[in-house]
Amino acid sequence: MSQENPSFFTGIKVIAYVFLLIIAVFNTAWAQDIKQPTDTSCSPVIQKIDTFKSAQEKHARREVLQTHRITLPHQWSVKPTNQAYTFWYKIDFKYSCLDVKHAAPVHFAIDGFTQSGRIFLNQQVLWQDDFLKTDMARNQHLPRMWSIPAAHLQEGLNSILIQVYPNIMGQVGIGAISLSNNQDTAATYQTWFFEKRTLVKFNLVVNSVVGIFYFLAWLVYRSEKAFLMFSVTALLWSLYSFFFLSTHPNFFSSISTEHLQHIIFCFYTVSGCLAAWLFAGVRFPYLQRCLIIFLGISTLTLITTPQQYLYSISNLIFSIAVLLGLIKCLTYPIIAYRAKNPEVYLLMLILLIYVPLMINDAYFMMTNQGTPLSPYAGPFITLVFGSLLAMRLARNKRQIEAFNQTLKERIQQTKHELTLSLQQQHDLSIENMRLQERIHLSQELHDGLGSSIVRSIMLVENNRQLSNPQILSLLKMLRSDLRQMIDMGSSLSATPPKTPREWIAPLRYRFVRIFEELNIESVWQCNEQWIDQPT
C-alpha cells in the first residue's frame, strides 16, 4: 500500500492542477467574450469619491455628519459606536454619449464591502443585500459586478451611492472599484473573483483531499503521528477557507462565524507546529503544553468577549497565532539541520516560503486591503506536501525492506549457528558413546576373554592327557569370544546398514562357520526392508 498511495496521490494532484489551468483559461476567455461596445467614446470618467456617515437610515432624509474625499479601497476606523450609523460612499462620474441607443452598457464592479448594504444609481436602487442590516451577510470577500444600460444614465454627471452597514466588530469599508464600458471591468471582476472565490474553493478541495490522504496514511502507519497532525492541519485550513467563502451562513450568526473562524485559525496554527515538529522527530513537551494553554485561553476569551471589544481581542489573538506560525517557520532550519533528513529539508524550504505569504495574508485579513497570495501558492505548496508524504512513505518502505532483509540474514545466520551447535552436540554424544563402549569392551576383554584364558590354562595344567581336538576346541572358543567382542566394538562407528540383510550378513558369516564345524545346519530369515530405520 505504501508503494501505491504516493503515485495515486500525485496523479490526483496533476489532474487537479490541469483542471485549475482550464478554469483560469476559461475565466480569461469569458472575460474577453464580453460584447465589445459599438461606441468606444461613451466611456464613464470618475470625477470624485466621497464618504460620509449619517444617523438616519433612509438616504432621502439622511443627516450628513461629515464628508471626506477618499481613494479606494477605504476602511473607516473601527469603533464600537459605528453600529449606530449608516456609512455612505458616493462615486460621481461623468458620462457623455451621442448615440445612447447603440451605446454599450457601463460595467460597474466592486471588490467587496463590509458587511451588508445596498447601491443606488442616481437616487434609484440598483441592488441591495438579501440580508440587509442583519448579522447574517458577509460580503467583504465577495466581488460583484453590474451592467448598467446606457439608457439608465444621465447625460453629464451621474452618481453611484453605496450604503454600507458595519459588521458586528465595528468594521466598515469597501474595496476597489472598476467602472467602464468595455471588457476591462469584466476582466478586473474576473480577476477579483478568481482570487477570492475560485482559487480559495480549489484550495479548499485540494487541502481536504490532502488531509484525507494523510489520515489514510496514518491509519496504515500508526507510528507516524505527524501524518495525523498534518491531516488535522489540512482539514482545519479547509474549514477556515469554508468560513472565508461563506457569505450567508445557515447555522451561525455573523458573530458566531467570526468566533469560529478565529478559533479554527488558532487550532490550525498549533496543529501546524506539532505536525512540523513530529515530522522532524523532535518533541518539546514544555512548548506543547504552552500551546495547549494558549488554545484554551484564546478559545475561552473569544467566546466570552463582549461584542464591543471583539475586534481588538480578535486581532490580538490572531496576531499572536500569526507570530507563533512565523516563529515556527523561522526556527525550523535549526530543527531540520539536526534531523538531517531530505523530506525535513524540503518542509523547511516550504516553511521559509510561508513567511512572506503569512505576513501579507495576515495584513489582508486584518485590514481587508491588498491581495491574498496564499491562494496562488496553495496548489504548489499542496504538491510539495504530497511529495513529503510520498518521500516519507518511500523511506518507510525502504526501512521496512532493509529491516526484513537484515532479519532474514540474521535468521539464516542463527539457523546455521544452531545447526553447527547441534552437529557438535551430536558428534560429542557419539564420541562419548564410543568412549563408553571402549571402556565396556575393555571390561569385557578382561572379564570374558581373560577368564576363558585362565580357565583354559588351569584345565591344561590339571589334565595333561588332553587330546589335540580338545585343545583346538578351547582355542576356537577363545577365538569366538574375541570375535564377538570385536563385533561389538566395531559396530559403534559403523554407518547403519540400508537393509536388515546387510546388517545380519557379518553375524551370519561368523556363526555359519561355527555351526558347520559342529555339523549344525542353520537357516537365516529376515525382512527385506527396515520397519524402523536404525540410527
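The structure displayed is predicted, hence computed values, not measured ones. (Residues numbered from 1 in each chain as written. Predicted model: local features only at pLDDT ≥ 70, side-chain atom pairs only at ≥ 80, totals over all residues. Heavy atoms only, no water.)

### A few points about helix 7 (residues 342-367)
Operational definition: Put simply, DSSP H or I for four residues or longer makes a helix, DSSP E for two residues or longer makes a strand, and each gets a number counted from the N terminus. The span one expects for a helix is its residue count, reduced by one, times 1.5 Å. Bend at a residue means the angle formed by two fitted axes: the first through the 7 residues ending at that position, the second through the 7 residues beginning there. Think of it in three bands: with a 1.4 Å probe and only protein chains considered, a residue is buried below 20% of the maximum accessible area for its type, exposed above 50%, and partly exposed in between. Distance and chemistry together define a polar contact, namely a pair of N or O atoms within 3.5 Å, with one atom able to donate a hydrogen and the other to accept it when in protein, and with adjacent residues in sequence counting only for side-chain atoms on both sides.
When the terminal C-alpha atoms of helix 7 are compared, their 38 Å separation across 26 residues agrees well with the 38 Å that a helix rising 1.5 Å per residue should span. Of all bends in helix 7, the biggest is about 30 degrees, found at Val-355, and the proline Pro-356 comes one to four residues later. Taken residue by residue, helix 7 has Glu-343, Val-344, Leu-347, Met-348, Ile-350, Leu-351, Val-355, Leu-357, Met-358, Asp-361, Ala-362 and Phe-364 as its buried positions. Here helix 7 starts with a cap whose side-chain oxygen sits 3.3 Å from the backbone nitrogen of Glu-343, and that cap is Asn-341. Where helix 7 terminates, the next one or two residues include Asn-368, which has phi positive at roughly 60 degrees.

### Let's talk about the packing of aromatic side chains
Worth spelling out the cut-off: Side-chain rings of Phe, Tyr and Trp (the six-membered ring for Trp) are treated as a pair once their centres are within 6.5 Å; stacked means planes under 30 degrees apart, edge-to-face means over 60, and tilted covers the remaining angles. Two limits define a charge over a ring: the Lys NZ or Arg CZ must be within 6 Å of the ring centre, and within 35 degrees of the ring normal.
For the structure on display, the rule yields 19 aromatic pairs. Where Trp-237 meets Tyr-240, the ring centres are 5.3 Å apart and the plane angle is 20 degrees; that geometry is what we call stacked. Pair noted here: Trp-237 and Tyr-240 are both in helix 3 (residues 225-245), with a separation of three residues, about one helical turn. Through a chain of ring-to-ring contacts, the aromatic side chains of Tyr-214, Phe-227, Phe-230, Phe-279 and Phe-385 assemble into a single cluster. Its end group placed over the ring of Trp-218, Arg-222 keeps NZ or CZ at 4.7 Å from the ring centre. The positively charged end of Arg-392 is found above the aromatic ring belonging to Phe-279, 4.0 Å away from the centroid.

### Regarding the nonpolar core
Rule in force here: Residue types Ala, Val, Leu, Ile, Met, Phe, Trp, Tyr and Cys, when buried and joined through side-chain atoms within 4.5 Å, form a set referred to as a nonpolar core. Contacts between residues were defined by any pair of non-hydrogen atoms, one from each residue, lying within 4.5 Å.
By size, the foremost hydrophobic cluster in this structure holds 57 residues, and its most contacted members are Tyr-214, Phe-227, Phe-279, Tyr-332, Leu-347 and Phe-385. Of all the elements in the fold, those that place two or more residues in this core are helix 2 (183-220), helix 3, helix 4 (254-279), helix 5 (285-304), helix 6 (310-339), helix 7 and helix 8 (374-462). Not counting chain neighbours up to four residues away, the residues in contact with Phe-279 comprise Ala-226, Phe-227, Phe-230, Tyr-332, Glu-343, Val-344, Leu-347, Leu-388 and Arg-392.

### Digging into the packing of helix 5 against helix 6
In plain terms, the rule: Geometry is summarised by axes, namely lines fitted to C-alpha atoms with helices restricted to the contacting stretch, and by angles between N-to-C directions that run from 0 to 180 degrees. For classification, angles of less than 35 degrees are called roughly parallel, those exceeding 145 degrees roughly antiparallel, those between 65 and 115 degrees roughly perpendicular, and all remaining angles oblique. Definitions for this section: a left-handed crossing has its near helix turned counterclockwise from the far helix by less than a right angle. A right-handed crossing has that turn clockwise.
Two elements in contact, helix 5 and helix 6, have axes separated by 10 Å at closest approach and are oriented at 160 degrees. When the interaxial angle is binned, helix 5 and helix 6 end up roughly antiparallel. The chirality of how helix 5 crosses helix 6 is left-handed. Where helix 5 approaches helix 6, its residues Leu-291, Phe-294, Ser-298, Thr-301 and Leu-302 are matched on the opposing element by Leu-310, Ile-313, Ser-314, Ile-317, Ile-320, Ala-321 and Leu-324.

### Observations regarding the side chain of Asp-111
Topologically, Asp-111 is positioned in the loop between strand 5 (106-110) and strand 6 (113-114). Residue classification places Asp-111 among the buried positions, given a relative accessible area of 10%. Among residues more than four places away in sequence, those in contact with Asp-111 are Gln-140, Leu-142, Pro-143, Gly-175, Ala-176, Trp-192 and Lys-196.

### Observations concerning the pairing of strand 10 (residues 156-165)
Put simply, the test is: When DSSP locates at least two bridges between a pair of strands, those strands are taken to pair.
Burial analysis of strand 10 places nine of its 10 residues in the buried class, which makes it a mostly covered element. Where strand 4 (residues 86-95) meets strand 10, nine bridges bridge the pair, whose relative direction is antiparallel. In the sheet register, Lys-94 faces strand 10, and the bridge partner there is Leu-157. Relative to strand 10, strand 7 (residues 116-121) is paired through six bridges, and the arrangement is antiparallel. In the strand pairing of strand 10, Arg-118 is matched with Gln-163.

### Notes on unusual backbone geometry
Here Leu-72 and Pro-73 are connected by a cis peptide whose omega angle stands at 5 degrees. Along the chain, the position of Pro-73 falls in the loop between strand 2 (64-69) and strand 3 (74-75). Despite not being glycine, Gln-123 has its phi angle at roughly 70 degrees, a positive value. Mapped onto the fold, Gln-123 is located in the loop between strand 7 and strand 8 (124-128). On the basis of relative accessible area, Gln-123 is assigned to the exposed category, the value being 53%.

### Observations regarding the sheet that holds strand 3
Taken in spatial order, the three strands of this open sheet run 3-11-6, and their pairing is antiparallel. With one partner strand each, in any of the chains shown, strand 3 and strand 6 form the two edges of the open sheet. Two elements, strand 3 and strand 11 (residues 173-174), share two bridges in a ladder whose sense is antiparallel. Directly across from His-74, in strand 11, lies its bridge partner Ile-174.

### Regarding the state of the cysteines
Short version of the rule: Criterion for a disulfide: a pair of cysteine sulfur atoms within 2.5 Å.
This structure, assessed with the given rule, holds one disulfide. Residue pairing for Cys-42: its cysteine sulfur links by disulfide to Cys-97, the two sulfurs lying 1.8 Å apart. Between Cys-42 and Cys-97, the S-S torsion sits near 60 degrees, and that sign places the bridge as right-handed. Residue Cys-42 is located in the loop between helix 1 (5-32) and strand 1 (45-54), and its partner Cys-97 is located in the loop between strand 4 and strand 5; the two are separated by 55 residues in the primary sequence. The exposure class of Cys-42 is buried, given its relative accessible area of 0%.

### Quick word on the side chain of Ser-238
With respect to the helices and strands, the residue Ser-238 is situated in helix 3. Discounting residues that sit within four places of it in the chain, Ser-238 has contacts with Leu-204, Asn-207 and Ser-208.

### A word on the sheet that holds strand 5
Spatially, three strands are ordered 9-5-12 in an open sheet, and the strand pairing comes out antiparallel. Unpaired on one side and paired on the other, strand 9 (144-148) and strand 12 (177-180) mark the two borders of the sheet. Averaged over all pairs of adjacent strands, the angle between their axes in this sheet comes to 10 degrees, without regard to strand direction. Bridge count for strand 5 against strand 12 is four bridges, and the pairing is antiparallel. Within the sheet, the bridge partner assigned to Phe-108 lies in strand 12 and is Leu-179.

### Here we look at the environment of Gly-211
With respect to the helices and strands, Gly-211 occurs in helix 2. For the pair Gly-211 and Trp-237, spaced 26 residues apart in the sequence, the C-alpha separation amounts to 9.6 Å. Apart from the residues lying within four places of it in its own chain, the contact partners of Gly-211 are Ser-231, Ala-234 and Leu-235.

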